[in-house]
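# Coordinate inspection notes
Single-letter residue listing:
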Amino acid sequence: MNTRTTRTLAAALSLTAALVISGCSSSPSSSAGEDSTAKAGAGAPAEESAKPKMTVTGAYMPEPVNDKMAGAFMVIKNDSKTADKLLAVTSPLSDDLQVHETKDQKMQQVQSMDVPAGGALNLERGGSHIMFMGLKNKPNVGDKVTIELRFEKADPVKVELDVKERTYNAQSSTAH
Ligand code: CU
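Residues numbered from 1 in each chain as written. Predicted model: local features only at pLDDT ≥ 70, side-chain atom pairs only at ≥ 80, totals over all residues. Heavy atoms only, no water.

### Thoughts on the overall build of the protein
The criterion, for reference: Secondary structure elements follow DSSP: runs of H or I of four or more residues count as helices, runs of E of two or more count as strands, with numbering from the N terminus. In this scheme, a residue with accessible area under 20% of its type's maximum is buried, one over 50% is exposed, and one in between is partly exposed, where area comes from a 1.4 Å probe on protein chains only. Contacts between residues were defined by any pair of non-hydrogen atoms, one from each residue, lying within 4.5 Å. Per-residue accessibility takes into account occlusion by the displayed protein chains alone, with areas from the Shrake-Rupley method and a 1.4 Å probe.
Of the regular secondary structure elements, the protein holds three helices and ten strands. Counting the 176 residues in the protein, one finds 31% classified as buried. Partitioning the contacts of the protein with sequence separation of at least 6, the portion at a separation of at least 24 is 71%. Surface summary for the protein: the accessible area is close to 11500 Å², and the carbon and sulfur share equals 53%.

Given below as structure tokens:
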């Protein structure tokens, strides 16, 4: 609700600014700068071409109980100024990987997950995670599992998951 109010306020403010600027038509030479600002909304190629690059840290998979499902956790960092989305995940270990979020302690599949500009997507226990639905074989502690993350804008990123003991929980340095 607050966001909406802020947006409306911002829109109202920029409208006011535009009116003030157009009212100053008596001094055309000094209004050149304002003109370019007003047109910025019509396509900003500079920002479009700034392809984000993702850095993945702390990627692991708790040893699965059986070959039916497994979770994967990591921090996906986006140091660029362009927001991106995690769209899909693939792995040789499974033909069906999903991105899950946890709401009211129940997990559900989502079509994409935001990786904010200059921020990170935290995939952690009890929260959002990647889920393997069906495993071709059951990995054991010490194994490595390769996955590939696909993004809307950034190039795909290959990640090696360390298979850890079932109770392992990475310390999230960025959260809280
Ligand atoms: Cu899940």
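### Comments concerning the side chain of Ser 80
Filter applied, for reference: Polar contact is defined as a pair of N or O atoms within 3.5 Å, subject to the rule that within protein one atom must be able to donate a hydrogen and the other to accept it, and that residues adjacent in sequence are counted only when both atoms are side-chain atoms.
With respect to the helices, strands and loops of the structure, Ser 80 is situated in the loop between strand E2 (69-78) and strand E3 (84-90). Note on Ser 80: relative accessible area 16%, which makes it buried. Polar side-chain contacts of Ser 80 include one of 2.7 Å to the side chain of Asn 78. A polar contact of 3.2 Å, which involves the side chain of Ser 80, links it to the backbone nitrogen of Thr 82.

### Section: the coordination of the copper ion
Here is the rule: Coordination shells were defined by N, O and S atoms within 2.8 Å of each metal, extended to 3.2 Å for Na, K and Ca; water is absent from the atom set, which can make sites look incomplete. Geometry is assigned from donor-metal-donor angles: four donors are tetrahedral when every angle falls between 85 and 135 degrees, four are square planar and six octahedral when opposite donors sit over 155 degrees apart with all other angles between 65 and 115, and any other arrangement is irregular.
Protein coordination at the copper ion comes from His 100 (ND1), Met 107 (SD), His 129 (NE2) and Met 131 (SD), with a distance range of 2.0 to 2.2 Å. Metal-centred angles of 99 to 114° between the four donor atoms at the copper ion mark the site as tetrahedral. Here the donor residues of the copper ion share one chain and are spaced in sequence as H-x6-M-x21-H-x1-M. Taken together, the residues span a long stretch of sequence, with His 100 in strand E4 (residues 97-103) and His 129 in strand E8 (residues 129-133) at a distance of 29 residues. Assessed through its relative accessible area of 5%, His 100 is described here as buried.

### Side note on unusual backbone geometry
A positive phi angle, near 50°, is found at Asp 104, a position not held by glycine. Looking at the element boundaries, Asp 104 is found in the loop between E4 and strand E5 (106-110). What makes Asp 104 exposed here is its relative accessible area of 75%. You will see that Gln 105, though not glycine, has its phi angle at about 65°, which is positive.

### So, the packing of aromatic side chains
Stated precisely, the cut-off is as follows: To pair, rings of Phe, Tyr and Trp, with the six-membered ring standing in for Trp, must have centres within 6.5 Å; the planes then decide the type, stacked if under 30 degrees apart, edge-to-face if over 60, and tilted in the middle. We call a charge positioned over a ring when the NZ of a Lys or the CZ of an Arg lies within 6 Å of the ring centre and within 35 degrees of the ring normal.
Tallied over the full model, the rule gives two aromatic pairs. Taking the centre distance of 4.7 Å and the plane angle of 80° together, the rings of Tyr 60 and Tyr 168 count as edge-to-face. Here Tyr 60 is found in strand E1 (residues 54-62), whereas its partner Tyr 168 is found in the segment after strand E10 (157-164), with 108 residues between them in sequence. The exposure class assigned to Tyr 60 is buried, which follows from its relative accessible area of 2%. Among the aromatic residues, those joined into a cluster by ring pairs are Tyr 60, Phe 73 and Tyr 168. If you follow Lys 164 out to its NZ or CZ, it ends over the ring of Tyr 168, 4.9 Å from the centre.

These results come straight from atomic positions and should not be treated as a statement about function.
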